[in-house]
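# What the coordinates show
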Amino acid sequence: MSNRPTGRSTGRPGPGRARLALALAALLGGGVLTALPAQAAPAAADGLSVQYRTSAGGATADQTEPWLKVRNTGSSPVQLSQVKVRYYFKADSPSDTYRFACSWAVRGCSVVTGTFGTLGNPTATADRYLEIGFTQAAGTLAPGADTGDLQLRFHRANWQTLRQSDDYSFNGAQTSYANWNKVTAQLAGATVWGAAPEGNDPTDPTDPTDPTDPPGGGQSLFDDFDYSSHTDPAISAHGWNVRANSGGPGVPGATWDPSKVTFVSAGGNSVMNLETSTAGTGASTTHTEVLTRATKFRNGTYAARVKFSDAPKSGPDGDHLVQTFFTINDLKAPMADDYAEYDFEYLPNGGWGEPANILYTTSWETYNPEPWQAVNQHSEQRRSYAGWHDLVVTIDDSAITYYVDGQHFGTHDAQYLPERPMSINFNQWLIDLNGQTSTAPRAYDQQVDYVLHVKDQVLTPAQVAAKVAGYRNAGTGFVDEVPAT
């Protein structure tokens, strides 16, 4: 798939008002998924084996890193969506919760799922397990073939050091792949590999419910933003691009600095932090943006928990700042009618002629950069939105509806519905340098706790909250089942 340019959210939403033109920048397209083969019959009872190694062999560690390969030792193809692998461990305290992540996988982390469960019969070395599964997009495993590397990891939700030397499935000395029968594998519900801790057959009724399939079969993207830094290879593996290329929107001469995208702990969760800074000149101004490489999202529900800031974390206040969560595709020509953009934009210090803080939601049909002409519909509230907020926008065949903290914020008309798929984006940038003329350095933060998209389903804010809680309770930090277009 070739790279396609796209507009960057933003500008003042009101039709007929002056606004900075949107600049074009390149997005890396996501790979197209191949057609799924017909359902394969389960292999013979001895049809799977599991190899294991670890890259974190100490008695204690920041995170456990079980790397796995699943091999088809039978004579028939295996549908990977019928395979479940369990890694057993002992929780560091009864109240601990854990977070799962896939760092890299030959078949792609987007087709790998991870959920946590509790054993019905705890032992001295195991009372929990991590269950690894595969989505239908993982396809089949031919006889004699293996999945290739599944570089997996999990950690305590509070990031405290964990002890793995007393975990049933752990072997710190196994630093190269070898068969390991202290993990189990199920095929179509039958255990075909390994031995569970005594008294804990994997088919017991405490099996976790897969939270990735909402009612009605909607396909979901969920990310808890549990990464180590902007260079964490899992970010790219999960389909995100941390922007580094030049261009608008915002202050001329500013740069987009990927190193200013960091990941910190807040309220027991890992959150993404976007920092924007300036010393009063274009050359000293840095903006931040994180966006999906794939433009594959259209109708359905979009949600994120975002922390807006009214004041800088350092330096003098007053800059015309924009803090955002939005979806967008590229403007192929001025006034092209297949353009689409749906924005949450918070201006803590005003801008675009506004004297003070204001939150916009805007649905775009199209625009002309020069001379400026806009076709859109927007809703607005003039007050402070500093702090954490749950942002939800739903798109069906009749309307676009926005919610903030569970309350209806605005509904926009069918003429603004998307004709083409879009990307999902977060950015923070300065409109201009007119709000604060000081040359003293200052920096602003915007934080993001999670993002969720459910394809072709309209969820209420309460259903969004329940779905996010389901992922977190199961220890699922990332899943992407939304097919490429």
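In what follows, the structure referred to is the one given above.
A brief structural summary. What you see is a predicted model; the values in this text were computed from it and never measured.

### Some details on the pairing of strand E9 (residues 112-118)
With 6 of its 7 residues buried, E9 lies for the most part within the structure. Examined bridge by bridge, E9 and strand E10 (residues 128-134) share 7 bridges and lie antiparallel to one another. Across the sheet, residue Thr 113 finds its bridge partner in E10, namely Gly 133.

### What to know about the pattern of salt bridges
What the rule picks out here adds up to 20 salt bridges. Measuring nitrogen to oxygen at the nearest pair gives 2.8 Å for the salt bridge that ties Asp 480 to Lys 296. Remark: Lys 296 occurs in the loop between strand E22 (286-292) and strand E23 (300-308) and Asp 480 occurs in strand E33 (residues 478-480); sequence separation between them is 184 residues. For Lys 296, a relative accessible area of 12% gives the class buried. Between Arg 382 and Glu 354 there is a salt bridge, and its shortest N-O distance comes to 2.8 Å. Note that Arg 382 is positioned in the loop between strand E27 (373-381) and strand E28 (387-395) and Glu 354 in the loop between strand E25 (341-347) and strand E26 (358-368), a separation of 28 residues in sequence. Classification of Glu 354 by relative accessible area gives buried; the value is 10%. The network of salt bridges with common partners includes Arg 99, Asp 224, Asp 449 and Arg 472.

### A closer look at the packing of aromatic side chains
Tallying each qualifying case throughout the model produces 27 aromatic pairs. A ring pair is formed by Phe 308 and Tyr 346, whose centres lie 5.0 Å apart and whose planes are at 35 degrees; its orientation type is tilted. Residue Phe 308 is found in strand E23, and its partner Tyr 346 is found in strand E25; the two are separated by 38 residues along the sequence. Here the two residues Phe 308 and Tyr 346 agree in accessibility, since each one is buried. On the basis of an interplanar angle of 5 degrees and a centroid distance of 6.0 Å, the ring pair of Phe 325 and Phe 344 is categorised as stacked. Placement of the pair is Phe 325 in strand E24 (residues 321-328) and Phe 344 in strand E25, with a sequence separation of 19 residues. Through successive ring pairs, a cluster of aromatic residues spans Tyr 52, Tyr 87, Phe 89, Tyr 98, Phe 116, Phe 154 and Trp 180.

### Quick look at the nonpolar core
Phe 225, Met 272, Phe 325 and Phe 426 are the most contacted members of the largest nonpolar core, which totals 40 residues. Among the elements that take part in this core, E23 stands out by supplying 4 residues, more than any other. Listed in part, the 35 residues of the second largest apolar core include Leu 68, Val 78, Phe 116 and Phe 154.

### Some remarks on the environment of Val 264
By the secondary structure assignment, Val 264 is in strand E20 (residues 261-266). When the C-alpha atoms of Val 264 and Ser 229 are compared, they prove to be 9.2 Å apart, with 35 residues separating the residues in sequence. Excluding residues within four positions of it along the chain, Val 264 makes contact with Asn 269, Ser 270, Val 271 and Gln 447.

### What about the state of the cysteines?
With the rule as written, the count across this model stands at 1 disulfide. Paired through a disulfide, Cys 102 and Cys 109 show a sulfur-sulfur distance of 2.1 Å. The S-S bond linking Cys 102 to Cys 109 shows a torsion near -70 degrees; that makes this disulfide left-handed. For Cys 109, a relative accessible area of 2% corresponds to the buried category.

### Thoughts on the environment of Gln 381
Mapped onto the fold, Gln 381 is located in strand E27. Beyond its immediate sequence surroundings of up to four residues, Gln 381 is in contact with Ile 358, Leu 359 and Phe 409.

About the cut-offs
- Residues numbered from 1 in each chain as written.
- Predicted model: local features only at pLDDT ≥ 70, side-chain atom pairs only at ≥ 80, totals over all residues.
- Heavy atoms only, no water.
- Buried < 20%, exposed > 50% of the residue type's maximum accessible area, 1.4 Å probe, protein only.
- Helix = DSSP H or I, 4+ residues; strand = E, 2+ residues; numbered from the N terminus.
- Pairing = 2+ DSSP bridges.
- Salt bridge = Lys/Arg side-chain N within 4 Å of Asp/Glu carboxyl O.
- Phe/Tyr/Trp six-rings, centres within 6.5 Å; stacked < 30°, edge-to-face > 60°.
- Core = buried A, V, L, I, M, F, W, Y, C linked by side-chain atoms within 4.5 Å.
- Contact = heavy atoms within 4.5 Å.
- Disulfide = S-S within 2.5 Å.

These figures come from the coordinates and say nothing about function on their own.
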